Amino acid sequence: MTWINKILPSISTRSDASSKANVPEGVWKQCPRCDAMLYKKSLSENFDVCPKCDHHLRISARRRIELFLDAEPQEELLTELEPVDLLKFKDLKRYRDRLSSAQKGTGEKDALIVVKGAVKEVPVVVTVFEFGFIGGSMGAVVGEKFTQAVNHCISENLPLVCFSTSGGARMQEALISLMQMAKTSAALEKLKHHRLPYVSVLVDPVYGGVSASLAMLGDINIAEPNALVGFTGPDVIRQTVRVKLPEGFQRSEFLLDHGAIDMITHRRDLKDKIAAILQKLLYFRATGT
């Protein structure tokens, strides 16, 4: 081996390390579908949708509110509600420790945010699930917040829009969480009697008790492209019924073809589409048609 070969590896190592050091962390994000490396600033300007394959990346509840609602007015409601470990539940971890970890990780008190604002100047109440908070699971606080949001809509004559993304009922709250399915469904029936519009937006993924209650009870049910929606996962169904499931089973496109949802809308068009729907539904309510 010559002297030049001995020093080349160290030169190469230093060069690679220097190159990596010059690339700031958090500047790029990889698309989970096509693996393309995406510049975060450009991705944000494209509504967090991959420009290569059109995959709708998962976003936080706060980001969802930022994209959907007008900048002002905005008022967050029911911020005082916090979850309590009534059952002293423990699996691999204590429930209260899971709550503390989720609150620190997301900055939210629980998995649902309620905001009164406007979309294209149409006054509205919006409820948004935060999937990062224990999988967007629905416990007592989520059910109570949603119910109180409905009550606020009734008292203020406002339509309701819900963005659902959830793994279902929160098992750490046992029957208390399952009760929220009936509670939220009953609240929506009250909203229906007052002829106030409810638009449900299904965001990847929506499963379990949320999909079996408030997520599928909209006057209009909208889904983002390629969103997974179902009561339980396809692997569980496949193992239970032991049959080959159809291609794209539980994807929003499959649900649209089979009449389970009303439309699929690209994230960049949601604001305009929902504003137009609300204007029409509120007009019908005002004119009694």
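It should be emphasised that the depicted structure is a prediction, and the values quoted were computed from it without experimental measurement. (Residues numbered from 1 in each chain as written. Predicted model: local features only at pLDDT ≥ 70, side-chain atom pairs only at ≥ 80, totals over all residues. Heavy atoms only, no water.)

### Some remarks on the overall build of the chain
For clarity, the cut-off: Helix and strand labels come from DSSP, where a helix needs a run of H or I of at least four residues and a strand needs a run of E of at least two; each type is numbered from the N terminus. We call a residue buried when its accessible area falls under 20% of the maximum for its residue type, exposed when it is over 50%, and partly exposed in between, using a 1.4 Å probe and counting protein chains only. Counted as positive: Lys and Arg. Counted as negative: Asp and Glu, with His and the chain ends omitted from the count. In this description, the location of a charge corresponds to atom NZ of lysine, CZ of arginine, CG of aspartate or CD of glutamate.
Secondary structure summary: the chain contains 10 helices and 9 strands in total. Each principal axis of the C-alpha distribution contributes one length, and for the chain these read about 90 × 45 × 45 Å. For the chain, the proportion of its 289 residues judged to be buried stands at 42%. Distance from the positive charge centre (38 side chains) to the negative charge centre (34 side chains) of the chain: 5 Å.

### Structural notes on the packing of helix α3 (residues 61-68) against helix α10 (residues 270-287)
Let me state the cut-off plainly: A fitted line through C-alpha atoms represents every axis, and for helices the fit uses only the stretch in contact; the resulting angles, taken between N-to-C directions, go from 0 to 180 degrees. Working rule for angles: under 35 degrees goes down as roughly parallel, over 145 as roughly antiparallel, 65 to 115 as roughly perpendicular, anything else as oblique. Any two residues whose heavy atoms approach within 4.5 Å at even a single point are treated as in contact. Here the nonpolar group is Ala, Val, Leu, Ile, Met, Phe, Trp, Tyr, Cys and Pro; Asp, Glu, Lys and Arg are the charged ones; every other residue, Gly included, is treated as polar.
Relative to each other, α3 and α10 sit at 65°, their axes nearing to 9 Å. Relative to α10, the element α3 is oriented roughly perpendicular. Counted together, Arg64, Leu67 and Phe68 of α3 and Leu270, Lys271 and Ile274 of α10 form the full contact between these two elements. Residue composition of the contact of α3 with α10, by class: 4 nonpolar, no polar and 2 charged.

### Focus on the nonpolar core
Here is the rule: We call a set of buried Ala, Val, Leu, Ile, Met, Phe, Trp, Tyr and Cys residues a nonpolar core when their side-chain atoms join them within 4.5 Å.
In this structure, Phe146, Val150, Leu160, Leu188, Leu191, Tyr198 and Leu214 are the most contacted members of the largest nonpolar core, which totals 35 residues. Ranked by residues supplied to this core, first place goes to helix α5 (residues 140-156) with 6 residues. Residue contacts for Leu214: discarding those within four places in its chain leaves Phe129, Met138, Phe146, Cys162, Ser164, Thr184, Leu188, Tyr198 and Ser200. If you look at the next biggest cluster of nonpolar residues, it comprises 23 residues, including Ala61, Ile113, Val126 and Phe163.

### As for the side chain of Ser211
Applied cut-off: Two N or O atoms count as a polar contact when they lie within 3.5 Å, although within protein this holds only if one can serve as hydrogen donor and the other as acceptor, and sequence-adjacent residues are included solely when both atoms are side-chain atoms.
For Ser211, the position within the fold is in helix α7 (residues 208-211). You can call Ser211 buried: its relative accessible area is 8%. Among the polar contacts listed, one links the side chain of Ser211 to the backbone oxygen of Gly230, at a separation of 2.9 Å. When neighbours within four sequence positions are excluded, Ser211 is seen to be in contact with Val206, Met216, Gly230 and Phe231.

### Observations regarding the pattern of salt bridges
Spelled out, the test is: Within this document, salt bridges are pairs made up of a side-chain nitrogen of Lys or Arg and a carboxyl oxygen of Asp or Glu, the two lying within 4 Å of each other.
As enumerated under the stated definition, the model contains 18 salt bridges in all. Taking the shortest distance from any N to any O, the salt bridge between Arg98 and Asp91 comes out at 2.6 Å. Taking the relative accessible area as the measure of exposure, Arg98 reaches 24% and is therefore partly exposed. For Asp91, a relative accessible area of 26% corresponds to the partly exposed category. The salt bridge partner of Glu224 is Arg267, with a shortest N-O separation of 2.9 Å.

### A look at the pairing of strand β4 (residues 112-119)
Short version of the rule: A pair of strands is considered paired only if DSSP assigns at least 2 bridges between the two.
Here β4 lies mainly inside the structure; 7 of its 8 residues are buried. As defined by bridge partners, strand β3 (residues 75-77) adjoins β4 across 3 bridges and the pair is classed as antiparallel. Bridge pairing links Glu75 to Lys116 in β4. With 8 bridges connecting them, β4 and strand β5 (residues 122-129) associate as antiparallel partners. Across the sheet, the residue bridging to Val119 is Val122, located in β5. Here β4 folds back onto β5, and the loop between the two strands holds 2 residues, one of which, Lys120, carries a positive phi near 55°.

Function cannot be inferred from these measures alone, as they are strictly geometric.
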